[in-house]
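What the coordinates show
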Amino acid sequence: MKKIVYSLGCLMIAGAMIACGGAKKDAQNAGENADSIKKAENAAPQYTVVEKPQIDLSKFAKDKDGFITIFDGKTFEGWRGYGKDAVPGKWTIDQGAIKFNGTGGGEAQDKEGGDIIFAHKFKNFELTFDWKVAKGSNSGVFFLAQEIETTNDKGEKRMEPIYISSPEYQILDNANHPDAKMGKDNNRQSASLYDMIPAVPQNSKPFGEWNTGKIMVYKGTVVHGQNGDNVVEYHLWTPHWTELLQASKFSQEKWPLAFELLNNLGGTNREGYIGFQDHGDDVWFRNIKIKILD
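Remember, predicted model here, so these are calculated numbers, not experimental data. Sequence order sets the numbering: in each chain, residues are counted from 1 along the sequence as written. A pLDDT threshold of at least 70 governs which residues receive local features in this predicted model, and a stricter bar of 80 or more applies before side-chain atom pairs are shown or counted, although totals over entire chains, interfaces and linings include all residues. Just so you know, side-chain values use all the structure's heavy atoms and leave hydrogens and water out.

1. Side note on the overall build of the chain
Numbering of helices and strands runs from the N terminus, with a helix taken as a DSSP run of H or I at least four residues long and a strand as a DSSP run of E at least two residues long. Within the chain, the regular secondary structure consists of three helices and 16 strands. Whether two residues touch is decided by their heavy atoms; if any such pair falls within 4.5 Å, the residues are in contact. Contacts spanning at least 24 positions in sequence make up 71% of the contacts within the chain whose residues lie at least 6 apart. Here the chain displays about 15100 Å² of accessible surface, and carbon together with sulfur accounts for 53% of that area. For every accessible area listed, the method is Shrake-Rupley and the probe measures 1.4 Å; residues are considered covered only by the protein chains on display.

2. Side note on helix α2 (residues 239–246)
Among the residues of α2, W241, L244 and L245 are the ones counted as buried. Taken down its axis, α2 places every buried residue within 100° of arc, on the same side. The outward face of α2, more than 90 degrees from its buried face, is lined by the exposed residues P239 and E243. Those residues of α2 that are buried lie in contact with β14 (229–235) and α3 (256–263). Type-normalised accessible area, obtained with a 1.4 Å probe on protein chains alone, sets the label of each residue: buried when under 20%, exposed when over 50%, and partly exposed for intermediate values. An arc is given here, and it is the one of the directions from the helix axis to the C-beta atoms.

3. Concerning the pattern of salt bridges
Any carboxyl oxygen of Asp or Glu that lies within 4 Å of a side-chain nitrogen of Lys or Arg is treated as forming a salt bridge with it. Tallied over the full model, the rule gives eight salt bridges. Linking D85 and K52 is a salt bridge whose minimum nitrogen-to-oxygen distance equals 3.0 Å. Pair noted here: D85 is in the loop between β3 (79–81) and β4 (91–94) and K52 is in the loop between β1 (47–49) and β2 (68–69), with a separation of 33 residues, a long-range link. Judged by relative accessible area, which is 69%, D85 ranks as exposed. Note on K52: relative accessible area 22%, which makes it partly exposed. D65 is the salt-bridge partner of K64, the closest N and O atoms lying 3.6 Å from each other. Here the salt bridges share partners, and the residues they tie into one network are D179, R188 and D195.

4. Some remarks on α3
For α3, a buried count of six out of eight residues is recorded, marking the element as mostly surrounded by other parts of the structure. Every buried residue of α3 is accounted for by P256, L257, A258, F259, L261 and L262.

5. Examining the sheet that holds strand β15 (residues 272–276)
Adjacent strands of a sheet pair through backbone hydrogen bonds, lying either parallel or antiparallel. Only strands joined by at least two bridges in the DSSP assignment are considered to pair. The five strands lie next to each other as β3-β6-β15-β8-β11, forming an open sheet whose pairing is antiparallel. Taken across any chain shown, the strands that pair with only one partner, and hence form the sheet edges, are β3 and β11 (168–172). Geometrically, the sheet is characterised by an average inter-axis angle of 25° between neighbouring strands, direction not taken into account. Strand direction decides the pairing type here: strand β8 (residues 138–145) and β15, joined by three bridges, are antiparallel. Looking at β15, one finds that F142 is bridged to G275. Lines are fitted to the C-alpha atoms to define the axes, a helix being fitted only along its stretch in contact, and any angle between axes, read from their N-to-C directions, falls within 0 to 180 degrees.

6. Brief notes about the sheet that holds β1
The strand order β1-β9-β10 describes an open sheet built from three strands, whose pairing is antiparallel. Sheet topology places β1 and β10 (157–159) at the edges, where each strand pairs with a single neighbour. The mean angle between the axes of side-by-side strands here comes to 25°, regardless of whether they run parallel or antiparallel. Where β1 and strand β9 (residues 148–151) come together, three bridges link them in antiparallel fashion. Looking at β9, one finds that Y47 is bridged to T150.

7. Here we look at the side chain of N124
Relative to the assigned elements, N124 resides in the loop between β6 (116–122) and β7 (125–133). Overall, the relative accessible area of 11% leaves N124 in the buried class. A polar atom in the side chain of N124 sits 2.8 Å from the backbone nitrogen of K219. Sequence-distant contacts of N124, that is, excluding residues within four places in its chain, are made with V217, Y218, K219, K291, I292, L293 and D294. Polar contacts here mean pairs of N or O atoms no more than 3.5 Å apart (in protein, one a potential hydrogen donor and the other a potential acceptor; neighbouring residues in sequence count only if both atoms are side-chain atoms).

8. Thoughts on the side chain of N174
Along the chain, N174 turns up in the loop between β11 and β12 (211–218). In terms of polar contacts, N174 uses its side chain to reach the backbone amide nitrogen of S190, at 3.0 Å. The contact partners of N174, leaving out residues within four places of it in the chain, are A180, Q189, S190, Q202 and S204.

9. Quick word on the confidence of the model for the chain
Per-residue confidence for the chain averages 88 on the pLDDT scale, and 83% of its residues sit at or above 70. You can read pLDDT as the predictor saying how much it trusts each residue, on a scale of 0 to 100. Scored below 50 in pLDDT, residues 1–20 shows zero contacts in the model against residues more than four places distant or in partner chains. Note that residues 33–41 has pLDDT below 50 and, in this model, one contact with residues that lie over four places away or in other chains.

10. Concerning the environment of H224
Tracing the backbone through its elements, the reader meets H224 in strand β13 (residues 221–226). A sequence separation of 31 residues divides H224 from L193, and the C-alpha atoms of the two residues are 8.0 Å apart. Once residues lying within four places of it in the same chain are set aside, the contact partners of H224 are F143, E168, Y169, A191, S192, L193, K214, D229, N230, V231, V232 and Y234. A polar side-chain atom of H224 sits 2.8 Å from the main-chain carbonyl oxygen of A191.

Written out as C-alpha cells, the structure reads:
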C-alpha cells in the first residue's frame, strides 16, 4: 500500500513537472513571439533609392584653390527639387542668393515648395556657403543624401523626406525660434549636427546678418564650421555614430527606416547629394562652393 501511494506521489510530481515545463515553454514561446513582433515593428520598410542623371561638374567654374562654384548667383543650373525634375517655385534668386520664400507654415513641402538638391553626388569634399535667416526662421543643409522612395501595403509610392537619409547642419535663428531650446544641450542650434551634437562655440550672428558655413567630409570624418570656427566633429560608420543615432529621434525604435539609412550613410558608395531645406521660413544661401577631396 505504501508502495502504491509512493508511486502515485511520483506520478503527481511528474505531472506537475510536465505542467510546469509546459508553462515554462509557453512563456518562452510567448516571449519569443513578443520579440518577433517587436523586431517586425522596428524593421525598416522596403525602399528604393531613386537614381537620376547627374550634372557634369566640368560646366562649373573652379578657382585656383580647387573650389567649384555650384551656384553662380544668377541661375539654378545644376539644381532641382528633391524627388523632382525642376526647382520648386518658392525657391527664387534674390540679389545673388538662393532664397526660400517662407509661408510661416512649418515644414510646408507642398508642390511649389520642398527641399532642393544640387544634382551631383559627392563623397569626400569641403563645402562652403553663406547663410542668413529672417526672424524666427529654421532651415538646414543636407549632405550624402539619397532620394528614397517607399511603397505602402496598397502599392502606393511616396518620396521620403531628405533628412531620413542625411545628417543635417542646422540653420536657425537661435534667439527667436523655439527649436533652439529643444533637443539636448543646445544640439538644435545653428551649425549643430541636428538633434545629436551641439555646435561649440555657438557663434552665429543675429537674424538678417550673413553667416559663413562649412561642412568637410573626408573618409568618414565630418567637421562643421561656423563663422571661422570648427564647431562640431564626428565620425561616420563607427560604433559612436550608431550610438548618436540611437540617442536621437532617428533611433531604431523611433524611426527604423531613418536609422537604417543614416547608419549606412551614403549607401554602398558612401556618397550623396547636397541639399537645402524648406522648413516653411525665409532663408538665403550664397557663395556656394565645393572642393572635391577624393
